[in-house]
Amino acid sequence: MQFSVYQQTHIGGRKVNQDRMGYSFTRDALLLVLADGMGGHMRGEIAATIALQTLSMMFRMQAKPYVKKPERFLEEALNQAHWDILAYAERHKLPETPRTTVVACLVQHNCAVWAHCGDSRLYWVRRNQVLARTRDHSHLEYLIERGRATEAERNTHPDRNKLYNCLGAGQAPKIDISRQASLEPGDTLLLCSDGLWGMLPETEIVHRLSTSTIVQAVPDMVAMAAAIGGARADNTTALAITWQGADAKGILSPDVISTQMLPEDEVSSTITAGQPLPAGADAFDEDEIEKAIAEIREAIEKSSQLLK
């Protein structure tokens, strides 16, 4: 399995970067995750961190070296992340449960399947064309689908920030899961927060991904979105891969990851928690997050033992 990968985030005009992103891979499987903590609720960065850690740990336990039922894995992992966020809020007696949107993609055997809650997006691009993208769980998307609003209103409509689905809410999340997509060498998968797609038209996103490598396109798009947003810019985050194939042959370029030599039981993970905060910003409690992660790990490991 070979692919190139690049990820970047920008804090924008906010005091805290509540976006989280990361990827994990084995010899035969690759998991991509991006979560956008919801700023209208306290500690959204903790919800996003818990979501990433829960998905990463469940992938680590089930990818042996690939996940046997990818759609079921994504549904169970996102639901588990939801309950982990609720459990964290209850343990720490928070007055309000942290919330996050999330999009996750599992790639194995030359196929991709993805799931999402909220308005963090995935784009599947091939030769200057969007083959698929996730549909936001937002009131505005609902209006656009029914012809009661237009694409041109995405940045100005009064209901543009109203979401009806996320992790950490009082009701169980509605998880949208794609069909399996057959990938070809050169295909690009982009996961991004609304800080990126909300500033850049889809034509610009597709153009960048089709005419540049992701090593150049991702930072260019993140910088452009942050510049357009200016002092009021949202956190802007993108994670992208270019697929080379499950059994590509020949000499690999320096930016391509090849998993063929990995042992069957080895998992590699890269989790990014955003950029450092600017001077004087209110930081979230790192110790609390570390404790939450440890608690999640222990609960998942106990659950795994019971299933054996």
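Here, every reference points to the structure presented above.
Residues numbered from 1 in each chain as written. Predicted model: local features only at pLDDT ≥ 70, side-chain atom pairs only at ≥ 80, totals over all residues. Heavy atoms only, no water.

A.B. asks: It is not clear to me how the overall build of the protein should be interpreted in this structure. Could you clarify?
C.D. replies: Along its length, the protein carries seven helices and 13 strands. In the protein, of all internal contacts separated by at least 6 residues, the share reaching a separation of at least 24 is 75%. Only carbon and sulfur atoms are counted for the fraction: they give 49% of the accessible area of the protein, which is about 14300 Å². (Helix = DSSP H or I, 4+ residues; strand = E, 2+ residues; numbered from the N terminus. Contact = heavy atoms within 4.5 Å. Areas by Shrake-Rupley, 256 points an atom, 1.4 Å probe, with all protein chains shown as cover.)

A.B. asks: I keep staring at the side chain of Ser56 and nothing clicks. Help me out?
C.D. replies: By secondary structure assignment, the location of Ser56 is in helix H1 (residues 44–62). Look at Ser56 and you get buried, because its relative accessible area is 7%. A polar contact is formed between the side chain of Ser56 and the side chain of Ser24, at a distance of 3.4 Å. (Buried < 20%, exposed > 50% of the residue type's maximum accessible area, 1.4 Å probe, protein only. Polar contact = N/O pair within 3.5 Å; in protein donor to acceptor, adjacent residues only side chain to side chain.)

A.B. asks: What exactly am I supposed to notice about the pairing of strand E7 (residues 129–133) here?
C.D. replies: Walk down a regular strand and you will see the side chains alternate between the two sheet faces. Sheet topology places strand E6 (residues 121–126) next to E7; four bridges connect them, and they run antiparallel. Considered in E7, the bridge of Val125 is made with Val130. Taking the residues that link successive antiparallel strands as the turn, the E6-E7 hairpin has two residues, and the phi of Arg127 there is positive, at about 45 degrees. (Pairing = 2+ DSSP bridges.)

A.B. asks: Is there a simple way to explain the sheet that holds E7 in this structure?
C.D. replies: Strands in a sheet are paired, the pairing made by backbone hydrogen bonds, and the direction either parallel or antiparallel. Here we have six strands laid out as an open sheet, ordered E7-E6-E10-E11-E1-E12, and antiparallel in their pairing. In this open sheet, the two strands that pair with only one neighbour each are E7 and strand E12 (256–258). Averaged over all pairs of adjacent strands, the angle between strand axes in this sheet comes to 25 degrees, irrespective of strand direction. Pairing analysis gives three bridges linking strand E1 (residues 2–10) to E12, with the strands arranged antiparallel. Pairing of Gln2 across the sheet is with Ser258, part of E12. Against the sheet, helix H5 (residues 202–211) touches E6, E7 and strand E10 (188–192), its axis set at about 55 degrees to E6. Docked against the sheet, helix H6 (residues 214–229) engages E1, E10 and strand E11 (236–245), running at close to 20 degrees with respect to E1. (Axes fitted to C-alpha atoms, helices over the stretch in contact; angles between N-to-C directions.)

A.B. asks: Can you help me understand the pattern of salt bridges in this one?
C.D. replies: A pair can form between side chains of opposite charge whenever their charged atoms are brought close. In the structure shown here, the tally under the stated rule is eleven salt bridges. For Glu184, the salt bridge identified is with Arg127, shortest N-O distance 3.7 Å. Of the two residues, Glu184 is situated in the loop between strand E9 (181–182) and E10 and Arg127 in the loop between E6 and E7; the sequence distance between them amounts to 57 residues. A relative accessible area of 67% means that Arg127 is categorised as exposed. Across the pair Asp220 and Arg208 runs a salt bridge whose closest N-O atoms are separated by 3.6 Å. One end of the pair, Asp220, is in helix H6; the other, Arg208, is in helix H5, with twelve residues separating them in the sequence. Because the salt bridges share partners, they merge into one network encompassing Arg126, Arg127, Glu184 and Asp187. (Salt bridge = Lys/Arg side-chain N within 4 Å of Asp/Glu carboxyl O.)

A.B. asks: I tried to follow the pairing of strand E5 (residues 111–117) on my own but got confused; where do I start?
C.D. replies: Here E5 lies mainly inside the structure; six of its seven residues are buried. Judged from the seven bridges that link them, strand E4 (residues 100–108) and E5 form a sheet pairing that is antiparallel. Of the residues in E5, the one forming a bridge with Val107 is Ala112. The antiparallel pairing of E4 with E5 creates a hairpin that spans two residues between the two strands, and His109 there sits at a positive phi of about 55 degrees. The pairing of E5 with E9 spans two bridges and is antiparallel.

A.B. asks: What's the story with the packing of H1 against helix H2 (residues 70–91) in this structure? I'm lost.
C.D. replies: When two helices pack together, their arrangement is given by the angle between their axes and by how far apart the axes lie. Relative to each other, H1 and H2 sit at 135 degrees, their axes nearing to 9 Å. The angle between the axes of H1 and H2 places the two elements in the oblique class. Crossing of H1 over H2 shows right-handed handedness. Taken together, the residues of H2 that come into contact with H1 (itself represented by Ile46, Ala47, Ile50, Ala51, Thr54, Leu55, Met58, Phe59 and Gln62) are Phe73, Glu76, Ala77, Leu78, Gln80, Ala81, Asp84, Ile85 and Tyr88. (Parallel < 35°, antiparallel > 145°, perpendicular 65-115°, else oblique. Left-handed = near helix turned anticlockwise from the far one by under 90°.)

A.B. asks: Which parts of the structure should I look at to understand unusual backbone geometry?
C.D. replies: With glycine set apart, most residues show a phi of negative sign, and most peptide bonds adopt trans. Backbone torsion omega between Lys64 and Pro65 reads 0 degrees, so that peptide bond is classified as cis. You can see Pro65 is positioned in the loop between H1 and H2. At Asn110, a position not held by glycine, the phi torsion is positive, near 65 degrees. Within the secondary structure, Asn110 sits in the loop between E4 and E5. Phi at Asn128 is positive, roughly 65 degrees, even though this residue is not glycine.

A.B. asks: Looking at this structure, how should I read the nonpolar core?
C.D. replies: Buried together is how nonpolar side chains tend to be arranged in soluble globular proteins. Leu31, Leu55, Phe59, Phe73 and Leu78 are the most contacted members of the largest nonpolar core, which totals 33 residues. Looking at this core, the elements that each hand over two or more residues are strand E3 (29–37), H1, H2, E4 and E5. Considering each element in turn, this core owes the most residues, nine residues, to H1. In contact with Leu31, other than residues within four places in its own chain, are Gly22, Tyr23, Ser24, Leu55, Ser56, Phe59, Phe73, Leu74, Cys105 and Leu106. Membership of the second largest hydrophobic core comes to 25 residues, among which are Phe25, Leu30, Leu189 and Trp243. (Core = buried A, V, L, I, M, F, W, Y, C linked by side-chain atoms within 4.5 Å.)

Distances and angles like these do not, on their own, reveal function.
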